[in-house]
Amino acid sequence: MATSIRNATFDDLSMIAALAAEAQMDPNRFCAYFGEEAASIGSDIADVAGPTEGPWTDATWVATDDDGALLGWVLAETDPEMGRVWWWGPVLPDSEPETFAALADRLFETALATLSDFNEHELALDSRSDSLAAFAERHGFTLSDASAMLTTAPFVGSTLTAEHSVVPIAQRHHRSVSALHDRLFPGTHTLGARIVEADREHLRLVIEDDDGA
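Computed from a prediction, not measured in an experiment: that's the story for all the values here.

Asks: I tried to follow the sheet that holds strand S4 (residues 84–91) on my own but got confused; where do I start?
Replies: Across a sheet, strands are paired by hydrogen bonds formed along the backbone, either parallel or antiparallel in direction. Taken together, the five strands give an open sheet; going across it, the order is S1-S2-S3-S4-S5, and neighbouring strands pair in mixed fashion. Bordering the open sheet on either side are strand S1 (4–7) and strand S5 (120–123), each of which pairs with just one other strand. This sheet shows a mean twist of 20 degrees between the axes of neighbouring strands, independent of strand direction. With five bridges joining them, strand S2 (residues 60–64) and strand S3 (residues 70–79) adopt antiparallel strand pairing. Within the sheet, the bridge partner assigned to Val62 lies in S3 and is Trp73. Contacts between helix H2 (residues 38–49) and the sheet are confined to S2, S3 and S4, with S3 contributing the most and set at about 55 degrees to the helix. Contacting S1, S2, S3, S4 and S5, helix H3 (residues 97–112) runs over the sheet at an angle of about 145 degrees to S2.

Quick look at the structure:
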């Protein structure tokens, strides 16, 4: 039976999400970029992939058999400003290592061919994975910490002085907050500029002194 690879469409979303939810139960196929429930996975994919009509060009690719049954998929979440791709998958059914490897490679290479403008590629998988770890090694990914994390001591009371105040972020804070974020978390999933320009649903507070610094 032949295998075809094509751009996914919104009509594929339920099948894609269902396969992802099944794969998330297996450390060997787990992807850290989405959750474990099909509904939330589908919502996340739709947010990244795009419109409800037409193909998701250069974003999500699916492999199907002659009957149109889904055999696997991969999504490339891109950030042109950072020049980075976050690879969601490849997500495939549990299968023999040789079968898994062959289809994972085809999906990845098909998507990669459309992304020549990006020079950073990131893949987040379970440390117990064999199949995705082997896939990552074949394609030149190198092992590193997935992200930076700031750890603080347990809160035991305010250390603020009378000269300091906690206030909502304002335009006057943007430059310094952005610079601080990029210094503490270089090369992570977002830029400081996006933190300060986030929508109003996010709570963003800063500490400033009496002079507004």
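Asks: For this particular structure, what's the right way to read the packing of H3 against helix H4 (residues 131–138)?
Replies: The geometry of a pair of packed helices is captured by two quantities: the angle between their axes and the separation between those axes. Relative orientation of the contacting elements H3 and H4 amounts to 50 degrees, with a least axis distance of 10 Å. Between H3 and H4, the angle falls in the class oblique. Crossing angle aside, the handedness with which H3 passes H4 is right-handed. Between H3, through Phe100, Ala101, Ala104, Asp105 and Phe108, and H4, the contact on the second element is made entirely by Ser131, Leu132, Phe135 and Arg138. Its residues assigned to classes, the contact of H3 with H4 comprises six nonpolar, one polar and two charged.

Asks: Is there a simple way to think about the pattern of salt bridges in this case?
Replies: Pairs can form between side chains of opposite charge whenever their charged atoms are close. Using the criterion set out here, one finds seven salt bridges in the structure. The partner of Arg29 in a salt bridge is Asp26, and the shortest N-O contact between them spans 2.9 Å. The burial state of Arg29 is the same as that of Asp26; both residues are buried. Between Arg84 and Glu120 there is a salt bridge, with its nearest N and O atoms 2.9 Å apart. Of this pair, Arg84 sits in strand S4 while Glu120 is found in strand S5, placing the two residues 36 residues apart along the sequence. Residues joined by salt bridges that share partners form a network here, namely Glu22, Asp26 and Arg29.

Asks: How should I be thinking about the packing of helix H1 (residues 13–23) against H2 in this particular structure?
Replies: Viewed as axis vectors pointing N to C, H1 and H2 meet at an angle of 125 degrees, and their least axial separation amounts to 8 Å. One element, H1, and the other, H2, form an angle in the oblique class. Judged by the twist between their axes, the crossing of H1 over H2 is right-handed. Every residue of H2 that contacts H1 at Leu13, Ile16, Ala17, Ala18, Ala20 and Ala21 is listed here: Ala38, Ile41, Gly42, Ile45 and Ala46. Counted by class, the contact of H1 with H2 contains 10 nonpolar, one polar and no charged residues.

The rules we used
- Residues numbered from 1 in each chain as written.
- Predicted model: local features only at pLDDT ≥ 70, side-chain atom pairs only at ≥ 80, totals over all residues.
- Heavy atoms only, no water.
- Pairing = 2+ DSSP bridges.
- Helix = DSSP H or I, 4+ residues; strand = E, 2+ residues; numbered from the N terminus.
- Axes fitted to C-alpha atoms, helices over the stretch in contact; angles between N-to-C directions.
- Contact = heavy atoms within 4.5 Å.
- Parallel < 35°, antiparallel > 145°, perpendicular 65-115°, else oblique.
- Left-handed = near helix turned anticlockwise from the far one by under 90°.
- Nonpolar A, V, L, I, M, F, W, Y, C, P; charged D, E, K, R; others polar.
- Salt bridge = Lys/Arg side-chain N within 4 Å of Asp/Glu carboxyl O.
- Buried < 20%, exposed > 50% of the residue type's maximum accessible area, 1.4 Å probe, protein only.

Distances and angles like these do not, on their own, reveal function.
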